[in-house]
Amino acid sequence: MSLVRLLPLAGSRRFLPLGVFSVGAAVLGPLSTIPLRRLIDHGGATEVAALLLALLGQEFCAALREPAGAAAARRIDGVLRARVRAAATAMPLARLENPQVQADVRLALTGHRGRTAGMAAVAQAGEASRAAAALFGAAVLAAHVWWVAAAALALSVAQNRRIAAMLVGPGGVESLADSPEQVLRLRRAGYLAELTGGPRAAKEVRVFGVDGFLIGRYVAAMRAFVTPQARGRRAVVHGYGVVLALQLAGAAGTFGALAWLTAAGTLTAAALAQSVLAALLVLAYGAGGHQMFEIAHGSKPYEAAMRVLDQPLTAAPTATAAEEPAEEPALVRVTFGYPGRAEPVLKELDLRVRPGERLAVVGLNGAGKTTLVKLLTGLYTPQSGTVGTAGDAAVVFQDFARYSLPLRDNVRLGAPAHEWTDADVLAALAAVDALDLLEGLPQGLDTPLSRSFTGGRDLSGGQWQKVALARAVYALDAGRRILIVDEPTAHLDARAEQEVFERLLERTRGRTLVLISHRFATVRRADRIVVLDGGAIAEQGGHAELLAMGGRYARWHRLQTALIAGTSR
Ligand SMILES: Nc1ncnc2c1ncn2[C@@H]1O[C@H](COP(=O)(O)OP(=O)(O)OP(=O)(O)O)[C@@H](O)[C@H]1O
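You'll find the chain entered in an unreviewed UniProt entry as ATP-binding cassette domain-containing protein, with Nonomuraea longispora given as the organism. Recorded in UniProt under Subcellular location (unreviewed entry), the annotation for the chain is "Cell membrane".

Now the structure itself:
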């Protein structure tokens, strides 16, 4: 795998300096041996100047390579992240929901242990520059004594490989931390740490007094992770002892051989000086370098990014599936199942939504109502059948987005490109009986809806639901024709539900409305009610019609009515 192919992403302004400094660092060291030899042979100011220039130039290039490399890496990462984000945004939802794809997107965007793909690309170029310097040095040395050059180069390459294997190779200490067992241990410890100190479980931690228990669990989990790591690090320390001994022996052998050849009259003093400088360049490669960490860790986000970008960006359904934008949404003989589940959720389902219809979908938990919404909106592609997608639907999902942004933006995000005024936002809020929300917000529409921002406020579940509904109404006002709402009033109390739903019906008069709800008080107002069961439509009709039918709908209705009567008694 060649990470250096990412380098052009840095753009010529960053790529060129990096290239010049890398080449300078690679060639100026070996080149400095030429004036050095001439200086010892015949002296001369020009030789002194050339030697100094070459040596200083090498230092200069090596030093400037760092900032040039950092700038190039930042740019490469910026470009790559933008591409990964674009690919993730364009990806079919079913693919994005795959945990492996999510892990790849996260890894590509955040890097691995502080290292990124850009850093790895720059480090690989640096490693190539170091290897080139060693090769040129070996060539200079070989011009005098080829066997010393060959031995020094072989030793250096072997040492370099050995250090890399010990630190970042498979089974090395760095990859130990990436092993599935260690990752799991660290994740467990991280989760426990977040539980003890974070806000996620803060209420229960206090009420049930489980902090001591959790801290004990955290310490045990951390110990389970740290023990093998410490063992691995001890092995590295021992391994380094061997590397150091070999390095010293190699240097002693190289310089000893050069001294012996000089004493024997084979090498002149000038050739000796040139060979010593060249040998130092060769041996330096054997000492390894920090680049290997950048390459090893940064390769992971790079590979993850390549996997994300290589994904076909369109859905890849089986041959019979088709999807087309439609006037009104429709499913024709649609079968859909989630990956890894033997049974499809929906089987050969036919559902055509009529223009202007108020359609309600009911069914037990897990019957496939939300799945149906995702199919109707084109977020999922079925395994077979045809979907006429509701391309211009405003949708309120069950797990609607709660943006930690000002209230105004939370509403506006229903149609971000729409020319808007605060009056439009307020009208959308009024449509779902949410204007009283503003009373609790110190900066009105500008108040961020999260306490983690200065001046921000948290909302209750019901208030959030009204904001999500207002967003959908705003989208309708901006031109969307169809409203699809999945459990629109689940977080609202009975009075608020009644109020909101009445207003919503009024506001969307004449528009197509698809409504998913467990509440019969809401559902009964629909023109048509579809009962989903066993992946298919079990019953359909108006409220009175379904009650008269005496089937599932009538049974569930009886149960809910009895329950409400029981609780209100
Ligand atoms: N992303 C997913 N991956 C795998 N299985 C899923 C996924 N989403 C839903 N399911 C499963 O598909 C089935 C249908 O789920 P769906 O959410 O469509 O049901 P629902 O009728 O909306 O349920 P509820 O009334 O509880 O909201 C369930 O068994 C659920 O566990």
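(A) The confidence of the model for the chain, seen in detail. Of all residues in the chain, 95% have pLDDT values of 70 or greater, and the mean over the chain is 87. pLDDT under 50 marks residues 313–321. Its contacts with residues more than four places away, or in other chains, come to 16 contacts.

(B) Structural detail: the packing of helix α15 (residues 422–431) against helix α16 (residues 461–477). Packing of α15 against α16 brings their axes to within 8 Å, and their N-to-C directions diverge by 125 degrees. Between α15 and α16, the angle falls in the class oblique. The hand of the α15/α16 crossing is right-handed. Mapping the contact onto sequence places Asp424, Val425, Ala428, Leu429 and Ala431 in α15 and Ala470, Val473, Tyr474 and Asp477 in α16. Partitioned by chemical class, the residues of the contact of α15 with α16 number seven nonpolar, no polar and two charged.

(C) Geometry of the domain arrangement of the chain. Entries for the chain in the domain assignment read domain 1 (1–133 + 297–316), domain 2 (318–392 + 483–494 + 501–569) and domain 3 (402–480). In this structure, domain 2 and domain 3 have C-alpha centres spaced 27 Å apart. Contributions of two or more residues to the side of domain 2 that touches domain 3 are made by β7 (482–486) and α17 (494–507). It is α17 that contributes the most residues to the side of domain 2 that touches domain 3, three residues altogether. Class assignment for the residues of the side of domain 2 that touches domain 3 results in five nonpolar, two polar and five charged.

(D) Just the pairing of strand β8 (residues 512–516), in detail. Burial analysis of β8 places five of its five residues in the buried class, the great majority of the element. Residues of β8 alternate between two faces, with Thr512, Val514 and Ile516 on one and Leu513 and Leu515 on the opposite face, all of them buried. As judged from the four bridges shared by strand β4 (residues 358–363) and β8, these two strands associate in the parallel manner. Along β8, the bridge assignment pairs arginine 358 with leucine 513. With five bridges connecting them, β7 and β8 associate as parallel partners.

(E) Local environment of the site of the ligand. Around the ligand, 13 residues are found, and the nearest of them are Tyr338, Asn365, Lys369, Thr370 and Thr371. A per-element tally of the shell around the ligand places helix α13 (residues 369–376) first, with three residues. Residues belonging to the shell around the ligand are distributed by class as follows: three nonpolar, seven polar and three charged.

(F) Fine view of the UniProt feature "transmembrane region" (unreviewed entry) in the chain. According to UniProt, the "transmembrane region" (unreviewed entry) feature falls on residues 132–157, 240–261 and 267–287. End C-alpha to end C-alpha, residues 240–261 measures 31 Å, and it is 100% helix and 0% strand. Within the segment residues 267–287, helix and strand shares are 86% and 0% respectively, and the terminal C-alpha atoms sit 27 Å apart.

(G) How the structure looks around the packing of helix α5 (residues 117–142) against helix α6 (residues 146–168). Axis separation between α5 and α6 bottoms out at 7 Å; the angle between their running directions is 160 degrees. By the angle class used here, α5 and α6 are roughly antiparallel. α6 is crossed by α5, and the crossing has right-handed handedness. Residues Ala134, Ala138, Leu141 and Ala142 of α5 lie in contact with α6, whose contacting residues are Trp146, Val148, Ala149, Ala152, Leu153 and Ser156. Of the residues belonging to the contact of α5 with α6, the class tally is nine nonpolar, one polar and no charged.

(H) Broad picture of helix α8 (residues 180–197). Here α8 contains 18 residues, and its C-alpha end-to-end distance of 26 Å stays within 8% of the 26 Å for a straight helix at 1.5 Å per residue. Arg185, Ala189 and Leu192 are the residues of α8 that are buried. Down the axis, α8 shows its buried residues gathered within 65 degrees of arc, on one side only. Of the exposed residues in α8, the ones pointing more than 90 degrees away from its buried face are Pro180, Val183 and Arg187. In this structure, the buried side of α8 is in contact with α10 (211–263).

(I) View of the pairing of strand β6 (residues 393–396). Side-chain alternation along β6 places Ala393 and Val395 on one buried face and Ala394 and Val396 on a second face that is also buried. The pairing of β6 with β7 spans four bridges and is parallel. Pairing of valine 396 across the sheet is with valine 485, part of β7.

The rules behind these values
- For every chain, the first residue of the written sequence is number 1, and numbering continues from 1 along that sequence.
- With pLDDT at 70 or above as the cut-off, local features in this predicted model cover only qualifying residues; side-chain atom pairs require 80 or more to be listed or tallied, and sums for whole chains, interfaces and linings still use all residues.
- UniProt positions are given in the numbering used here, feature names are shortened, and annotations may be inferred rather than shown by experiment.
- The pLDDT score gives, residue by residue, the confidence of the prediction method on a 0 to 100 scale.
- Residues are treated as contacting if the C-beta atoms built from their backbones sit within 7 Å of each other.
- Here the axes come from fitting lines to C-alpha atoms, over the contacting stretch only for helices, and the angles between their N-to-C directions go from 0 to 180 degrees.
- Only DSSP runs of H or I with at least four residues qualify as helices, and only runs of E with at least two residues qualify as strands; both kinds are numbered from the N terminus onward.
- Here the word oblique covers every angle except those under 35 degrees (roughly parallel), over 145 (roughly antiparallel) and from 65 to 115 (roughly perpendicular).
- Two helices crossing with the near one rotated counterclockwise from the far one by less than a right angle form a left-handed crossing, whereas a clockwise rotation gives a right-handed crossing.
- Polar here means any residue other than Ala, Val, Leu, Ile, Met, Phe, Trp, Tyr, Cys and Pro, which are nonpolar, and Asp, Glu, Lys and Arg, which are charged; Gly is therefore polar.
- The split of the chain into domains comes from an automatic or database domain assignment.
- Each residue is classed by its C-beta neighbour count within 10 Å, where at least 20 other C-beta atoms makes it buried, 12 or fewer makes it exposed, and intermediate counts make it partly exposed; the C-beta atoms are placed from backbone geometry.
- In this description, strands pair whenever DSSP reports at least two bridges between them.
- We count a residue as near a molecule or strand when its backbone-placed C-beta atom lies within 6 Å of that partner.
- A helix is expected to span 1.5 Å for every residue after the first.
- Summarising the geometry, the arc corresponds to the directions from the helix axis toward the C-beta atoms.

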